[in-house]
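Fold and contact review
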Amino acid sequence: MIKTIFIGGMHCQHCVKAVNDALKALPGITSVTVSLEDNVATVSGPAPDDAAIKAAIEDTGFDVIEIA
């Protein structure tokens, strides 16, 4: 399963690393890609539900705009 997460509030590579680390820590995530230019993260694997993804990102201080 692939999910695309649109994120608000990322401004630098430290932001990208924080989101990347938060998503990689979720069970079932096999791959994470975070784009600062597009403000998007893509996860693949038997991903957790949207609520878990949203909570992980918001716990790092960023806003989840949409999960597709």
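Everything that follows concerns the structure shown earlier in this document.
What you are looking at is a predicted structure, and each value in this text was computed from that prediction instead of being measured. (Residues numbered from 1 in each chain as written. Predicted model: local features only at pLDDT ≥ 70, side-chain atom pairs only at ≥ 80, totals over all residues. Heavy atoms only, no water.)

By size, the foremost hydrophobic cluster in this structure holds 19 residues, and its most contacted members are Ile5, Ile7, Val19, Leu23 and Ile57. Breaking this core down by element, the ones donating at least two residues are β1 (2–8), α1 (13–24), β2 (31–35), β3 (40–44) and α2 (50–59). Per element, the largest residue contribution to this core is five residues, and it comes from α1. (Core = buried A, V, L, I, M, F, W, Y, C linked by side-chain atoms within 4.5 Å. Buried < 20%, exposed > 50% of the residue type's maximum accessible area, 1.4 Å probe, protein only. Helix = DSSP H or I, 4+ residues; strand = E, 2+ residues; numbered from the N terminus.)

Once that is clear, we can look at the pattern of salt bridges. Per the counting criterion, the structure on display carries three salt bridges. Here Lys3 makes a salt bridge to Asp50, at a shortest N to O gap of 2.6 Å. Linking Lys3 in strand β1 with Asp50 in helix α2, this pair joins segments that are 47 residues apart in sequence. Residue classification places Asp50 among the partly exposed positions, given a relative accessible area of 34%. The closest approach of N and O atoms between Glu58 and Lys54, which form a salt bridge, is 4.0 Å. Within this pair, Glu58 and its partner Lys54 are both found in helix α2, separated by four residues, close to a single helical turn. (Salt bridge = Lys/Arg side-chain N within 4 Å of Asp/Glu carboxyl O.)

Here we come to the sheet that holds β3. Across the sheet, four strands lie side by side as β2-β3-β1-β4; this open sheet has antiparallel pairing. Two strands bound the open sheet, and with one partner strand each, they are β2 and β4 (63–67). Shown here is a sheet whose adjacent strand axes are inclined to one another by a mean of 25°, direction ignored. The sheet contact formed by β2 and β3 spans five bridges and is antiparallel. When the sheet's bridge partners are listed, Ser35 is paired in β3 with Val40. Running at roughly 160° to β2, α1 makes contact with β1, β2 and β3 of the sheet. Contacts from α2 reach β1, β3 and β4 within the one sheet, and its direction differs from that of β4 by about 155°. (Pairing = 2+ DSSP bridges. Axes fitted to C-alpha atoms, helices over the stretch in contact; angles between N-to-C directions. Contact = heavy atoms within 4.5 Å.)

As a further point, take α2. When α2 is considered as a whole, its buried residues turn out to be Ile53, Ala56 and Ile57. Buried residues of α2, seen end-on, are gathered within an arc of 95° and therefore sit on one face of the element. Among the exposed residues of α2, those pointing more than 90 degrees away from its buried face are Ala51 and Asp59. Buried residues along α2 sit in contact with β1, α1, β3 and β4. Directly after α2, the chain includes Gly61, whose backbone phi takes a positive value near 100°. (Arc of directions from axis to C-beta.)

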